[in-house]
Amino acid sequence: MLTLTPIKLLILQIAAHLSFIPMIMYGEWYHWAIAFFTYFVTGCFGMTMTFHRLLSHKSWNAPKWFEIFGTLAGTYGLTGSSIGWVAVHREHHHYTDQERDPHSPKHKGFVRVQWLSMFDTPNPKYATHLMRDKLHTLTHKYYIHLHVAVIIFWSLIDPMLLVSAYLVPAAILWNAGSFINTLTHMIGYRNFDTKDDSTNISLLGILMWGEGWHNNHHAKPNSCSFKERWWEFDIGGWFIERLNTKPIDRN
């Protein structure tokens, strides 16, 4: 089973969303800077470059140190383990905008896909390559334990660091990543006439480090760069071009 005890993950994400209250009331400018930087690390290095383009699609060759760093960054982001995330995403590509698509707002509804996707049970057959890797199996098995350790660590140092360096960026990442699953299958423009409903949304392309060019991605899922037009800046792809050890596949 690939379940992560969804109730526990839901509780942690509720706490992350509620953390905006103390952040707004007591946060200083540097707390917001810490939150943005953490969101950048977990969203760009963790979710976009590692969970998505490296582990889900194997679209680039990352140095081993970066795979470890990116996996830990993505795990820290509180959106699920690398194994669970990859399994659900690969299933999404297999059944895109069909009834069995776990990320389809058309069939699952906006609310469930946007905020309750932790209740989706990943199919292990879509992540067998990660289930043979000790790093990914350990971070999956001890996922909740790791986050409890993070909570204790930041709480002992400074409760506002718990808020700014962990909870607030986790809430931002959850919503930003979920908007890719919902809005980019509902509104936006299309560069490619794919068989699904995928679209591009410029704002999400910027805020989610290139993920918002979702129609481009569905047209060329094995490409590590989602940029097609000159103004579609792909920040995640830009970093990959400087770390990748094989040519960029734009076909």
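Above this text sits the structure in question.
## Brief notes about the nonpolar core
By size, the foremost hydrophobic cluster in this structure holds 31 residues, and its most contacted members are C44, F45, M49, W60 and M208. Breaking this core down by element, the ones donating at least two residues are α3 (29–56), α4 (64–76), α5 (82–94), α11 (159–182) and α14 (235–243). Per element, the largest residue contribution to this core is 10 residues, and it comes from α3. If we skip the residues at most four places from it in the chain, M208 touches Y39, M47, T48, L173, A176, G177 and I180. Grouped together as the second largest cluster of nonpolar side chains are 17 residues, A16, V150, L162 and W174 included.

## Side note on the packing of aromatic side chains
Taken as a whole, this structure holds 19 aromatic pairs when the rule is applied. Ring geometry for Y76 and Y166: centres 5.5 Å apart, planes at 70°, overall edge-to-face. You can see Y76 sitting in helix α4 and its partner Y166 sitting in helix α11, a full 90 residues away along the chain. By relative accessible area, Y166 is classed as buried at 1%. By the ring-pair criterion, three or more aromatic residues cluster together here, those being F36, Y39, F40, F45, W60, W65, F66, F69, W209, W238 and F239. The cationic tip of R53 hangs over the ring face of F226; the distance from NZ or CZ to the ring centre is 3.7 Å.

## Focus on the packing of α4 against helix α9 (residues 134–141)
Taken N-terminus to C-terminus, the directions of α4 and α9 make an angle of 15°; their axes are 11 Å apart at the nearest point. Judged on the interaxial angle alone, α9 and α4 are roughly parallel. Seen from above, α4 lies across α9 with right-handed handedness. Together, E67, I68, T71, L72 and T75 of α4 and L135, H136 and T139 of α9 make up the contact between the two elements. Split by residue class, the contact of α4 with α9 holds 3 nonpolar, 4 polar and 1 charged.

## Some remarks on the pattern of salt bridges
Pairing between side chains of opposite charge can happen when the charged atoms of each approach one another. Applying the stated criterion across every chain yields a total of 8 salt bridges. Of the charged contacts in the structure, one is a salt bridge between D133 and K64, with a shortest N-O distance of 3.9 Å. In this pair, D133 sits in the loop between α8 (128–131) and α9 while K64 sits in helix α4, placing the two residues 69 residues apart along the sequence.

## Here's the deal with the packing of α9 against helix α10 (residues 143–157)
Direction vectors running N to C along α9 and α10 enclose 70°, while the axes themselves pass 4 Å from each other. Judged by the angle between their axes, α9 and α10 are roughly perpendicular. Along the contact surface, α9 presents T139, H140 and K141, while α10 presents Y143, H145 and L146. Looking at side-chain class alone, the contact of α9 with α10 contains 2 nonpolar, 3 polar and 1 charged residues.

## Focus: the state of the cysteines
A full pass over the atoms with the stated rule returns 0 disulfides. C44 takes part in no disulfide bond, and the closest cysteine sulfur to it belongs to C224, at a distance of 13 Å. Classification of C224 as buried rests on a relative accessible area of 1%.

## Here we look at the side chain of T139
Among the structural elements, T139 can be located in helix α9. A distance of 3.0 Å separates the side chain of T139 from the backbone oxygen of L135, its partner in a polar contact.

## Let's talk about α10
The α-helix advances 3.6 residues per turn, and as a result positions three or four apart in sequence lie on the same side. With 15 residues, α10 extends 22 Å between its outermost C-alpha atoms, agreeing within 8% with the 21 Å of an ideal straight helix rising 1.5 Å per residue. Restricting attention to buried positions, one finds in α10 the residues Y143, I144, H147, V150 and W154. With its buried residues spanning 115° around the axis, α10 presents them on a single face. Seen from the buried face of α10, the exposed residues on the opposite side, beyond 90 degrees, are H145 and L156. Contacts made by the buried residues of α10 are with α1 (6–18), α4, α9 and α11.

The rules behind the values
Residues numbered from 1 in each chain as written. Predicted model: local features only at pLDDT ≥ 70, side-chain atom pairs only at ≥ 80, totals over all residues. Heavy atoms only, no water. Core = buried A, V, L, I, M, F, W, Y, C linked by side-chain atoms within 4.5 Å. Buried < 20%, exposed > 50% of the residue type's maximum accessible area, 1.4 Å probe, protein only. Helix = DSSP H or I, 4+ residues; strand = E, 2+ residues; numbered from the N terminus. Contact = heavy atoms within 4.5 Å. Phe/Tyr/Trp six-rings, centres within 6.5 Å; stacked < 30°, edge-to-face > 60°. Lys NZ or Arg CZ within 6 Å of the ring centre and 35° of its normal. Axes fitted to C-alpha atoms, helices over the stretch in contact; angles between N-to-C directions. Parallel < 35°, antiparallel > 145°, perpendicular 65-115°, else oblique. Left-handed = near helix turned anticlockwise from the far one by under 90°. Nonpolar A, V, L, I, M, F, W, Y, C, P; charged D, E, K, R; others polar. Salt bridge = Lys/Arg side-chain N within 4 Å of Asp/Glu carboxyl O. Disulfide = S-S within 2.5 Å. Polar contact = N/O pair within 3.5 Å; in protein donor to acceptor, adjacent residues only side chain to side chain. Expected span 1.5 Å × (residues − 1). Arc of directions from axis to C-beta.

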